[in-house]
Amino acid sequence: MSTTLRFTIAKFFAAAAISLTLTPTGCAQNIEKILHTFTGSDGSGPQEGMVLDSQGNLFGTTAFGGALGCCGTAFELSPGSNGTWTEKVIYDFSLAGFFQGFLPWGALVFDSKGNLYGTTLSGGASSQGTVFQLVPGANGTWTSTVIYNFTGGADGGNPFSSTLIADPSDNLYGTVETGGAYGYGVVFQLAPGANGTWTQKVLHSFKGGNDGLTPFASTLVMDPSGKLYGATVSGGAHDFGVVYQLTPESNGTWAEKIIYAFTATDGLNGPYGGLVLDSAGNLYSACTFCVFELMPGSNGTWTQKNLHTFAGSPDGAYPGAVTLDKAGNLYGMTYTGGVHHGTVFRLSPTSNGNWRETILHRFQPDGIDGVFPNPGALAIDASGNLYGTTPSGGTSAQGVVFEIMH
């Protein structure tokens, strides 16, 4: 989400007279550790989360910075034996040239072969952004290839916050907030072919109205049957956004179904940070003021439940994406609140069906440990340690990568 949009929402929150029902809040003695502070030449302003590989290395993007001070980077952070981490820029968009794309706003995703994929907001053959591939080579080098150039027409354009997902066949799926047949955004697929070619297909063009518009939520989720789930931040029956389901049909088309339309009492609007799916088929995400769950019923209906409503100063405001661990706990970040610059939180299910919030970290007023966490999901390792980014703060005010040690 853009800083401007976030501050617009923040001003609304400050002015709104909303009565919030608080749930018990704890504060854990977790330790935050800064793994890397960006300086500008190695990137600036990471806007989304990161992905872990099997060796515990972290990979992510910065939207700005680089060797020429612009355009963004892709980076790797590798853990050392003494608790230190080493950062390496694996691709510098400022050195790549306009047609390779620039401003990589979304997070990265791995395929089954260890290649990384991401999107750029701008650049490319039509100046409408790209989808790129990073292939690892010898001696730690990575080679970037543009596998799709958006045109800004029926296929969408300028993917502002699109983080891709990959299915078991290495097909890629994502969203674009603008363009499409009706101008309200699309859900798309990229399928790999022979000789490194890729075929793009629009799975759904949002029509506006009850269908929803602006699929800003950065990440889709796919269930075991191959159905996709996502959200829009506006449109729907009440104009507060929707959660939708896309089902592949035998004729190659995808059928859209609105499984929930947000109302003013649900937490203001649809999620900005994408959805997460548990093993029972329940969906979780966050609206402007709350974290919610969507539970499927036997007759195709879905029931929405608010799990926690944020209070602002004590526990944060404007939560982003949530991450689910094996025990069923949810983790996320709030853009602001806490002592000022946001929080890291955990929501744990209790025996009576409620959820208990625990604040794992409050970002400090001096900004050295990060400022205004982004809406991307936290990464979680096998030991339960959490990893995230902030787009600003740190000793150079260019953003940080941090760890919350379990």
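Just above, that's the structure.
One structure accompanies this document, and this report is about it.

Conventions we followed
- Sequence order as written defines the numbering, with residues in each chain counted from 1.
- Where totals are concerned, whole chains, interfaces and linings use all residues; where local detail is concerned, this predicted model gives features only for residues with pLDDT of at least 70, and gives and counts side-chain atom pairs only at 80 or more.
- Side-chain calculation: all heavy atoms of the structure are included, whereas hydrogens and water are not.
- Here a helix means four or more residues in a row that DSSP labels H or I, a strand means two or more in a row labelled E, and each is numbered from the N terminus.
- Taken over C-alpha atoms, the radius of gyration is set against a globule rule of 2.2 Å times the number of residues to the power 0.38.
- With a 1.4 Å probe rolled over the protein chains alone, any residue whose accessible area is under 20% of its type maximum counts as buried; one over 50% counts as exposed, and the rest are partly exposed.
- In these tables, accessible area is a Shrake-Rupley quantity obtained with a 1.4 Å probe, and a residue counts as shielded only by the protein chains included in the view.
- Here, a strand pair is defined by DSSP locating no fewer than two bridges between the strands.
- Two residues qualify as a contact provided that any one of their heavy atoms is within 4.5 Å of a heavy atom in the partner residue.
- Think of a polar contact as two N or O atoms within 3.5 Å of one another; within protein, one of them needs to be a possible hydrogen donor and the other a possible acceptor, and neighboring residues in sequence only count if both atoms come from side chains.
- Any two rings among Phe, Tyr and Trp, with Trp reduced to its six-membered ring, count as a pair given centres within 6.5 Å; such a pair is stacked if its planes are under 30 degrees apart, edge-to-face if over 60, and tilted if neither.
- Note that a disulfide, as used here, is simply two cysteine sulfur atoms within 2.5 Å.
- A pairing counts as a salt bridge when a side-chain nitrogen of Lys or Arg comes within 4 Å of a carboxyl oxygen of Asp or Glu.
- For the purpose of charge, His is not counted, nor are the chain termini; Lys and Arg are scored as positive and Asp and Glu as negative.

## Focus: the overall build of the chain
Then, in step 1: Looking only at helices and strands, the chain has 1 helix and 29 strands in total.
Then, in step 2: Relative to a compact globule of 406 residues, whose C-alpha radius of gyration would be 22 Å, the chain shows 20 Å and is just as compact.
Then, in step 3: Expressed along its principal axes, the backbone C-alpha trace of the chain runs to roughly 55 × 55 × 35 Å.
Then, in step 4: The buried share of the chain, reckoned over its 406 residues, is 58%.
Then, in step 5: Summing over all exposed atoms, the chain offers an accessible surface of approximately 15500 Å²; the carbon and sulfur share of this is 54%.

## Notes on the sheet that holds strand E22 (residues 302-309)
Then, in step 1: What the 4 strands build is an open sheet, ordered E19-E20-E21-E22; its pairing is antiparallel. Of all strands in the sheet, those bounded by a partner on one side alone are strand E19 (276-277) and E22.
Then, in step 2: Both E19 and strand E20 (residues 283-286) contribute to a ladder of 2 bridges, which runs antiparallel. In the sheet register, Val276 faces E20, and the bridge partner there is Tyr284.

## So, the environment of Tyr387
Then, in step 1: Here Tyr387 shows up in strand E28 (residues 386-390).
Then, in step 2: For Tyr387, a relative accessible area of 4% translates into the label buried.
Then, in step 3: Sequence separation between Tyr387 and Met50 is 337 residues, and the spatial gap between their C-alpha atoms is 7.5 Å.
Then, in step 4: Once you skip the residues sitting within four places of it in the chain, Tyr387 turns out to touch Leu35, Met50, Leu52, Leu58, Trp85, Leu378, Ala379, Asp381, Phe402 and Glu403.
Then, in step 5: A distance of 2.8 Å separates a polar atom in the side chain of Tyr387 from a polar atom in the side chain of Asp381.
Then, in step 6: Among the polar contacts listed, one links the side chain of Tyr387 to the side chain of Glu403, at a separation of 3.4 Å.

## Some words on the packing of aromatic side chains
Then, in step 1: For the structure shown, the criterion picks out 25 aromatic pairs.
Then, in step 2: Seen from their ring centres, Phe150 and Phe188 are 5.4 Å apart, and the 75 degrees between their planes marks the pair as edge-to-face. One end of the pair, Phe150, is in the loop between strand E10 (142-149) and strand E11 (165-166); the other, Phe188, is in strand E13 (residues 186-192), with 38 residues separating them in the sequence. With respect to class, Phe150 is no different from Phe188; both count as buried.
Then, in step 3: Put simply, the rings of Phe64, Trp105, Phe160, Phe216 and Tyr272 pair up and form one aromatic cluster.

## What about the state of the cysteines?
Then, in step 1: Using the criterion set out here, one finds 1 disulfide in the structure.
Then, in step 2: Shown here is the disulfide that connects Cys70 with Cys71, its sulfur atoms set 2.5 Å apart. Of note, the bridge from Cys70 to Cys71 carries an S-S torsion of about -70 degrees and is left-handed in sense.
Then, in step 3: Taking relative accessible area as the criterion, Cys70 reaches 31% and is therefore assigned partly exposed.
Then, in step 4: What makes Cys71 buried here is its relative accessible area of 15%.
Then, in step 5: Of all cysteine sulfurs in the structure, the one in Cys290 sits closest to Cys287, which takes part in no disulfide; the separation is 4.6 Å.

## Thoughts on the sheet that holds E28
The strands that make up a sheet pair up through hydrogen bonds in the backbone, lying either parallel or antiparallel.
Then, in step 1: Here 4 strands make up an open sheet; going across it, the order is E2-E29-E28-E27 and the pairing antiparallel. Bordering the open sheet on either side are strand E2 (31-37) and strand E27 (379-380), each of which pairs with just one other strand.
Then, in step 2: Two strands pair when backbone bridges link them, and E27 and E28 are joined in this way by 2 bridges, in the antiparallel orientation. Along E28, the bridge assignment pairs Ala379 with Tyr387.

## A word on the pattern of salt bridges
Then, in step 1: Applying the stated criterion to the full structure yields 1 salt bridge.
Then, in step 2: The partner of Lys113 in a salt bridge is Asp170, with the nearest N and O atoms 3.0 Å apart. Of the two residues, Lys113 is situated in the loop between strand E7 (109-110) and strand E8 (116-120) and Asp170 in the loop between E11 and strand E12 (172-176); the sequence distance between them amounts to 57 residues.
Then, in step 3: Its relative accessible area of 6% is what places Asp170 among the buried residues.

## Quick notes on the side chain of Asp92
Then, in step 1: Mapped onto the fold, Asp92 is located in strand E6 (residues 85-92).
Then, in step 2: Buried and unpaired, Asp92 has Lys88 as its nearest opposite-charge partner, separated by 13 Å.
Then, in step 3: Side-chain polar atoms of Asp92 contact the backbone nitrogen of Ala67, separated by 2.7 Å.
Then, in step 4: Within polar-contact distance, the side chain of Asp92 engages the side chain of Ser94 at 2.5 Å.

## Overview of the pairing of strand E5 (residues 73-79)
Then, in step 1: For E5, a buried count of 5 out of 7 residues is recorded, marking the element as mostly surrounded by other parts of the structure.
Then, in step 2: Summarising the sheet, strand E4 (residues 58-62) and E5 pair through 5 bridges and their orientation is antiparallel. Within E5, the residue paired with Thr62 across the bridge is Thr73.
Then, in step 3: Between E5 and the antiparallel strand that follows it, E6, lie 5 residues; Gly83 among them carries a positive phi value of about 85 degrees.

## Some thoughts on the environment of Met333
Then, in step 1: Structurally, the position occupied by Met333 is in strand E24 (residues 330-336).
Then, in step 2: For Met333 and Phe64, which are 269 residues apart along the polypeptide, the C-alpha to C-alpha distance reads 22 Å.

All quantities given are derived from atomic positions and should not be read as evidence of function.
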